[in-house]
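# Close look at the chain arrangement
For reference, the chains in residue letters:
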Amino acid sequence: MAKKVKIIYSPKCLEYYSPEHPESPDRVRNSYEFLKKRGYEFVELSPCTKEDALLVHSKEHFGRVKSGNFYDADTPSLPNIFEYVVVSVEAAIKAARLCSKNVFTFSLMRPPGHHAGKDSIEGFCYFNNLAIAVEKVMREKKFSRAAIVDIDCHHGNGTQDIFYGRKNVLYVSLHQIGIYPGSGYESSLNCINYPLLSGTGEEEYLEKFNSALEKIKVFNPELIAVSAGFDTYKKDPLCSLKLEVGSYRIIGKKLKQINLPLFAVLEGGYSEDLPQCIYSFLEGLKGKQ
Ligand SMILES: [Zn+2]
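Per an unreviewed UniProt entry, the chain carries the name Histone deacetylase domain-containing protein. According to UniProt, the comment filed for the chain under the heading Sequence similarities (unreviewed entry) is "Belongs to the histone deacetylase family."

Another aspect to go through is the packing of aromatic side chains. Applying the stated rule across the entire model yields 14 aromatic pairs. Summarising the aromatic geometry, the rings of Tyr 40 and Tyr 279 are spaced 6.3 Å apart at their centres and angled 85° between planes, so their arrangement reads as edge-to-face. Taken as a pair, Tyr 40 in the loop between α1 (25-37) and β2 (41-43) and Tyr 279 in helix α8 (residues 274-286) lie far apart in primary sequence, 239 residues in all. The exposure class of Tyr 279 is partly exposed, given its relative accessible area of 22%. Where Phe 62 meets Phe 127, the ring centres are 5.8 Å apart and the plane angle is 5°; that geometry is what we call stacked. In this pair, Phe 62 is assigned in helix α2 (residues 59-67) and Phe 127 in the loop between β3 (103-107) and α4 (129-139), connecting sequence segments 65 residues apart. Judged by its relative accessible area of 8%, Phe 62 is buried. By the ring-pair criterion, three or more aromatic residues cluster together here, those being Tyr 9, Tyr 32 and Phe 42. Over the ring of Phe 34 we find Arg 38, and its NZ or CZ is 3.6 Å from the ring centre. Taking the ring centre of Tyr 16 as reference, the NZ or CZ of Arg 110 above it sits at 4.0 Å.

In this fold, Gly 269 is placed in the loop between β8 (262-266) and α8. With 95 residues separating them in the primary sequence, Gly 269 and Leu 174 have C-alpha atoms 15 Å apart. Look past the residues within four positions of Gly 269 in its chain and what remains in contact with it is Arg 27, Phe 230, Asp 231, Asp 236 and Leu 274.

Turning our eyes to something else, we now look at the layout of surface pockets. If you add up the space inside the largest pocket, you get close to 150 Å³. Considered class by class, the residues forming the lining of the largest pocket number six nonpolar, five polar and four charged.

Let us look at helix α7 (residues 245-257). Three or more residues of α7 are buried, namely Ser 247, Tyr 248, Ile 251, Gly 252, Leu 255 and Lys 256. Where α7 is buried, its residues meet β3, β4 (146-150), α6 (202-219), β7 (223-228), β8 and α8. Taken from the residues just after α7, Asn 259 is the one with a positive phi, measuring 60°.

Here the focus is the pattern of salt bridges. Tallied over the entire structure, the rule returns 17 salt bridges. The partner of Lys 4 in a salt bridge is Glu 41, with the nearest N and O atoms 3.2 Å apart. Taken as a pair, Lys 4 in strand β1 (residues 4-8) and Glu 41 in strand β2 lie far apart in primary sequence, 37 residues in all. A relative accessible area of 33% places Glu 41 in the partly exposed class. The salt bridge partner of Glu 244 is Lys 234, with a shortest N-O separation of 2.8 Å. Remark: Lys 234 occurs in the loop between β7 and α7 and Glu 244 occurs in the loop between β7 and α7; sequence separation between them is 10 residues. With relative accessibility at 34%, the residue Glu 244 sits in the partly exposed group. The exposure class assigned to Lys 234 is partly exposed, which follows from its relative accessible area of 35%.

Basis of the calculations
Residues numbered from 1 in each chain as written. Predicted model: local features only at pLDDT ≥ 70, side-chain atom pairs only at ≥ 80, totals over all residues. Heavy atoms only, no water. UniProt positions renumbered as here; feature names shortened; annotations may be inferred. Phe/Tyr/Trp six-rings, centres within 6.5 Å; stacked < 30°, edge-to-face > 60°. Helix = DSSP H or I, 4+ residues; strand = E, 2+ residues; numbered from the N terminus. Buried < 20%, exposed > 50% of the residue type's maximum accessible area, 1.4 Å probe, protein only. Lys NZ or Arg CZ within 6 Å of the ring centre and 35° of its normal. Contact = heavy atoms within 4.5 Å. 1 Å grid on protein atoms, 1.4 Å probe; cavity = no way out; pocket = protein on both sides within 12 Å on 5 of 7 lines; lining within 4 Å. Points joined across faces, edges and corners; volume = space filled by probe spheres on them. Nonpolar A, V, L, I, M, F, W, Y, C, P; charged D, E, K, R; others polar. Salt bridge = Lys/Arg side-chain N within 4 Å of Asp/Glu carboxyl O.

Encoded structure:
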């Protein structure tokens, strides 16, 4: 059966930027316009509970982002950054709350989150949007077991840090090695990592992805949460895997076939074809050929 996909979005996330930073507002603006033209349904945000970040981050971390009193070259302390960060968190929570077996959700927001650990601001990430959303809906008892699938080209070291050792959360990541953040070479406890060499193309990637899906089925989750990065694309300026636009449709379709409630959040993806990559993924999730 085909699924419906709803996109969570707020133009608020376009209001901040850092000159020449690859994580630019244009990434999301262009993707929004592309998807809007293709008839996707967008959901507005409700006001957020700013303290939700404390579900997975330390008080010190929360205080640093709120005050803006931190320094990381990749993850700049921009004016009012806290306001933007909490909107991205809220969009992920909304996506997690709204998703069901028949309606999948996608948070089209920035900043991304999967490098933000319990106590670390890094890799363009301040709060871990997806981790907070997973924790939130599990505490609300909407779901009791969640599998996180991280398809961003970088290892989601922050998400692994937050959920490491948790019995009711499985973290599975496919990522390029030899680049930032330098982790994810091995699997341990509930965190299963598929390290990929520079130049890995669609065929080998999908082989590993199928293996990851088998692990997820064995875990038997009630919810699938996807860290959806598109920097695995062959033209991405920051990474060097070789996926095609059409690869994301196959990935989406395979995730759809698990037939569980699913939400996804945008992580990386820095090429000018990001809108097409996202569209391909969402069409796959819907189950279109
Ligand atoms: Zn990335």
